[in-house]
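Summary of structural features
Single-letter residue listing:
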Amino acid sequence: MKRGICLILAAQLMLLAACGSDAGTGNETTSGSVNSGDTTVTDDGGEKTRLDELGARDLGGRDFVIMDANDYPSRSMNIYDAEITGDTVNDAIHNRDNKISELYNVRIKYERPENAAEGCKTLSQAFLAGDNICDIVYSRGTGSDGLLSLVSQRALANLEDIEYLSFDKPWWSGFAYENLNLGGKLYFAIGDLMSNMYVSPVVMTANLSLLEQYAPDDDIYDLVNEGRWTIDKLIEFTKFNNDLDGDGVLHTANDFFGLVGDMSGGGLAEGAFVVAEGVDLCHNDGETITVSLTDEHTADVVSKVAKLPPHEKMNDRWEYVKTFKEDRSIFLQTYMDDVVNSMRDMDSDYLILPAPKYDEAQENYKCLVNGWTACFMGIMANADVDEAGFIAEALGYESYTVVRPEVYEKLLKQKAARDERSTAMVELMFDSLTIDFNALCDFGGTVGILGKSIYKDTPLASALAKKQEATDDEIAKFTDNWLQK
């Protein structure tokens, strides 16, 4: 098997292992190995699982409906497509659902709309009409027509009020719980329950053969492990940009790059770099949200990230994954979804790694979750919230104990030779996942302003200053809506 595919499997394993991690949040939730955190030792020396703790329950054979409101339904890993196919995630989810269905006498069914907006619109209309057509919804956190639209309609239950959801357990993502909790209100969460979590991070990949050719004295493993993988180091590789066809303009379809990626000026990819350099897109103290991106550190970070794209002669950038696959770029910034679904046939070996830090003094690497991924879960307010929370917890726990081990076993069986240093890079990246409200909402267009400053040379300070009042107004409206005032 090609090493690239093995690294994909490694990525899935390590992301599963980090799904409940709180690295970088200050919370001490256990993530660790496949078997950690899933049992409680009883007085008689036996082991009590979370399902034992939840106790027996009979839901009377009713339908329990989960909607996967996903912009890419054909690529979704949130639900299984067939009974048993041999696909790791598909079969694990099938077995999980069968167990929970039998255990609690419930029929788990799925709805798969055409896209996220259509699904959330259907749920909103049903809710306003007093109809309960769904218990749990999976969708994206970004965009006003996703889960945020359901929050604005007060159609989602406050997850903090549901006693069964144990967000301190490793089958729930601590970083999301910490950062998306405001005023004691939490309307959507991330965890093992949604398999799309596996493909949610904004990541970097490195072509190992090209690294050996263009930077023979650099060991990328050592750079990352020793904390020397910095933005200045990545900038050095842009000197290898080469107009191969000699037309005077760089094209991802034809030319060579030190780095390619989705650097379109829209904010997401550029925001991921800025976050990686230690900039908080917003501050959430649990009661209020503030956005202040006019400090000296942010300005310096933006000026450094702006050196990555070739401003003076770059034209198209939409074939960046193809560029990397054809060995015409040393580094790639992309999304884990692309790694899993678009890079399986790559011949060259590559490594998945975190975005670089600002400098060696920065304590941790940080990796932004793509909020457009359908990896967020909400519970409908007009469902039986108690039962929905109960089943969500049971499914989450069973995902932790069934999905993770299956991926782990497939990894061990399918990988010809274990490269511990490669998997360590992936583990390090997934231990550094993060998300916040501004990454989801782009208050006042502030994240987009960062992107425009980086890619289109828009003055940062003046653009932010012009938007400060609008930013504050949007935050105030969002906060009132979130707190349901």
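Everything in this summary refers to the structure shown in the same document. (Residues numbered from 1 in each chain as written. Predicted model: local features only at pLDDT ≥ 70, side-chain atom pairs only at ≥ 80, totals over all residues. Heavy atoms only, no water.)

1. Structural notes on the overall build of the chain
Counting secondary structure elements, the chain contains 18 helices and 14 strands. The buried share of the chain, taken over its 485 residues, is 59%. By sequence separation, contacts in the chain at least 24 residues apart represent 80% of the contacts at least 6 residues apart. A total of about 18800 Å² of accessible surface is found on the chain, and carbon and sulfur atoms cover 44% of it. (Helix = DSSP H or I, 4+ residues; strand = E, 2+ residues; numbered from the N terminus. Buried < 20%, exposed > 50% of the residue type's maximum accessible area, 1.4 Å probe, protein only. Contact = heavy atoms within 4.5 Å. Areas by Shrake-Rupley, 256 points an atom, 1.4 Å probe, with all protein chains shown as cover.)

2. Here we look at the sheet that holds strand β6 (residues 202–207)
Pairing is mixed across the open sheet formed by four strands, whose spatial order is β7-β10-β6-β11. Edge positions in the sheet fall to β7 (257–261) and β11 (350–353), since each of these pairs with one other strand and no more. For this sheet, the mean angle separating the axes of adjacent strands, direction not counted, is 20°. Where β6 and β11 come together, four bridges link them in antiparallel fashion. Of the residues in β11, the one forming a bridge with T205 is I352. (Pairing = 2+ DSSP bridges. Axes fitted to C-alpha atoms, helices over the stretch in contact; angles between N-to-C directions.)

3. Section: the packing of helix α17 (residues 446–456) against helix α18 (residues 460–482)
For the pair α17 and α18, the least separation of the axes is 10 Å and the interaxial angle reads 170°. Between α17 and α18, the angle falls in the class roughly antiparallel. Here α17 and α18 pass one another in a crossing that is right-handed. On the side of α17, the interface is formed by T446, I449, L450 and S453, while α18 contributes L460, A463, L464, K467 and T471. Of the residues belonging to the contact of α17 with α18, the class tally is five nonpolar, three polar and one charged. (Parallel < 35°, antiparallel > 145°, perpendicular 65-115°, else oblique. Left-handed = near helix turned anticlockwise from the far one by under 90°. Nonpolar A, V, L, I, M, F, W, Y, C, P; charged D, E, K, R; others polar.)

4. As for the sheet that holds strand β4 (residues 106–111)
In spatial order, the strands read β4-β3-β5-β13; together these four strands make up an open sheet with mixed pairing. On the outer flanks of this sheet lie β4 and β13 (376–379), each paired with one strand and no other. Here the average twist between neighbouring strands, direction ignored, is 25°. Judged from the four bridges that link them, strand β5 (residues 136–139) and β13 form a sheet pairing that is antiparallel. From the neighbouring strand, V137 faces β13, where its bridge partner is G378.

5. So, the pairing of strand β3 (residues 62–68)
Within β3, five of the seven residues are buried, which leaves it mostly tucked inside the rest of the structure. Where β3 meets β4, six bridges bridge the pair, whose relative direction is parallel. Across the sheet, residue M67 finds its bridge partner in β4, namely E111. After leaving β3, the chain enters helix α3 (residues 88–104) and then returns to the sheet as β4, a path that is right-handed. Looking at chain direction, β3 and β5 are connected through three bridges and run parallel. Bridging from a neighbouring strand, I66 pairs with I136 of β5. (Right-handed = clockwise from strand over helix to strand, strands pointing away.)

6. Brief notes about the environment of V369
Checked against the element boundaries, V369 lands in the loop between β12 (367–368) and β13. Judged by its relative accessible area of 1%, V369 falls in the buried class. The spacing of V369 and F430 is 61 residues in sequence and 9.9 Å in space, taken between C-alpha atoms. Once you skip the residues sitting within four places of it in the chain, V369 turns out to touch F175, M197, S200, P201, C375, L433, T434 and I435.

7. What to know about α3
In an α-helix, one full turn covers 3.6 residues, which means residues spaced three or four apart are oriented alike. Along its 17 residues, α3 runs 25 Å from first to last C-alpha, staying within 8% of the 24 Å computed at 1.5 Å per residue. For α3, the tally of buried residues reaches twelve of 17 residues, placing the bulk of the element in the interior. (Expected span 1.5 Å × (residues − 1).)

8. Describing the side chain of T142
Within the secondary structure, T142 sits in the loop between β5 and α5 (147–152). T142 sits in the buried class, given a relative accessible area of 7%. If near-sequence neighbours (up to four positions away) are discounted, T142 is found in contact with G371, W372, A439 and L440.

9. A few points about the side chain of S124
Inspection of the secondary structure assignment puts S124 in helix α4 (residues 116–128). For S124, a relative accessible area of 10% gives the class buried. The contact partners of S124, leaving out residues within four places of it in the chain, are L150 and Q153.

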